[in-house]
Amino acid sequence: AKPIVAIVGRPNVGKSTLFNKLIGQRLSIVEDTPGVTRDRIYAQCEWLNHEFMLVDTGGIEPYSEDVILSQMRRQAEVAIESASVIILVTDVRSGVTATDQEVATMLLKSGKPIILCVNKVDSIGDTPAEVYEFYNLGLGDPIPVSSTHGHGTGDLLDEVLKHL
Ligand code: GDP
Ligand code: MG
């Protein structure tokens, strides 16, 4: 079986957009509207001759903080159980949230390789200062990515490969 790379993170940070960009096809549903059912979606992926299964995870139900948190715990548990590498996606625009912190702690305890993606860094050039705040999650170097433009996705995949 191919190793699994799971994409986890809060609703609306851009997990599905990243998933689609990485596989180069629009397979998963990208939604602006909260509350839409989004199933976990798998896709076969290849980067520099390494094959793996990429898994997009999504939320269901209305967005209350409690629901988001319990859903993220479940999401993280499934990822920890099944994935070889976990990509935690965060959003540079919202900064580090309490939920990010909680999930990061959970993931860190698992001992699995965690890659920290700071998404929605749409500008090219110097890394914006806001990205450095994400060091506080204790997951190592944040990788700035723009999932809509595709900036940084190569660096992200290079990092994934190191742990496969
Ligand atoms: P998910 O809930 O984590 O799967 O997030 P989605 O992929 O559905 O994206 C949520 C919203 O963020 C959508 O409106 C996306 O177009 C937007 N988005 C995702 N990635 C980026 C990005 O890199 N830059 C910008 N500006 N918007 C993004
Ligand atoms: Mg999604």
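Residues numbered from 1 in each chain as written. Chains lettered and ligands numbered in written order. Predicted model: local features only at pLDDT ≥ 70, side-chain atom pairs only at ≥ 80, totals over all residues.

As annotated in an unreviewed UniProt entry, the protein chain carries the name GTPase Der and comes from Fumia xinanensis.

Student: I would appreciate a short explanation of the confidence of the model for the protein chain in the present structure.
Tutor: Should the pLDDT be low somewhere, the predicted coordinates at that spot are not to be read in detail. Across the protein chain, the average pLDDT comes to 86, with 87% of residues at 70 or higher. Among the prediction metrics, the complex's ipTM stands at 0.99, with pTM recorded as 0.90. (pLDDT = per-residue confidence, 0-100.)

Student: Teacher, can you tell me more about the site of ligand 1 here?
Tutor: Not every one of the 18 residues close to ligand 1 is listed here, only the nearest: Gly 14, Lys 15, Ser 16, Thr 17 and Ser 147. For the shell around ligand 1, the element with the most residues is helix α1 (residues 15-23), which contributes three residues. Looking at the shell around ligand 1, its residues break down into three nonpolar, ten polar and five charged. (Near = placed C-beta within 6 Å. Helix = DSSP H or I, 4+ residues; strand = E, 2+ residues; numbered from the N terminus. Nonpolar A, V, L, I, M, F, W, Y, C, P; charged D, E, K, R; others polar.)

Student: Hey, could you run me through helix α2 (residues 65-82) in this one?
Tutor: Side chains that are three or four residues apart share a direction in an α-helix, a result of its 3.6 residues per turn. If you check α2, its first and last C-alpha atoms are 26 Å apart, about what 18 residues at 1.5 Å a residue would give, namely 26 Å. Among the residues making up α2, those that are buried are Met 72, Gln 75, Ala 76 and Ala 79. Along the axis of α2, the buried positions cluster into a sector of 100 degrees, meaning they face one direction only. Opposite the buried face of α2, by more than 90 degrees, sit the exposed residues Asp 66, Ser 70, Arg 74, Glu 77 and Glu 81. Packing partners of the buried residues in α2 comprise β1 (4-9), β4 (85-91) and α3 (98-110). (Expected span 1.5 Å × (residues − 1). Buried ≥ 20, exposed ≤ 12 C-beta atoms within 10 Å, placed from the backbone. Arc of directions from axis to C-beta. Contact = placed C-beta atoms within 7 Å.)

Student: Explain the environment of Lys 21 here, please?
Tutor: Residue placement: Lys 21 occurs in helix α1. By C-beta crowding, Lys 21 is classed as buried, having 20 other C-beta atoms within 10 Å. Each C-alpha atom, one on Lys 21 and one on Ser 146, is 9.6 Å from the other, the two residues being 125 residues apart in sequence. Those residues in contact with Lys 21 that lie beyond four places of it in its chain are Ser 147, Gly 150 and Thr 153.

Student: Explain the sheet that holds strand β6 (residues 143-144) here, please?
Tutor: Paired through their backbone hydrogen bonds, the strands of a sheet run either parallel or antiparallel. Strands sit in the order β2-β3-β1-β4-β5-β6 across an open sheet of six strands; the sheet is mixed. Of all the strands in the sheet, the pair left with one neighbour each is β2 (41-47) and β6. As judged from the seven bridges shared by β2 and strand β3 (residues 50-56), these two strands associate in the antiparallel manner. The residue of β3 that forms the bridge with Cys 45 is Phe 52. Each of β1 and β4 touches α2; the most contacted strand, β1, lies at about 165 degrees to it. (Pairing = 2+ DSSP bridges. Axes fitted to C-alpha atoms, helices over the stretch in contact; angles between N-to-C directions.)

Student: What's the story with the nonpolar core in this structure? I'm lost.
Tutor: Nonpolar side chains in soluble globular proteins tend to be buried together. Ile 86, Leu 88, Leu 116 and Cys 117 are the most contacted members of the largest nonpolar core, which totals 38 residues. Sequence-distant contacts of Leu 116, that is, excluding residues within four places in its chain, are made with Leu 88, Thr 90, Phe 134, Leu 137, Leu 139, Gly 140, Pro 142 and Ile 143. (Core = buried A, V, L, I, M, F, W, Y, C linked by C-beta atoms within 7 Å.)

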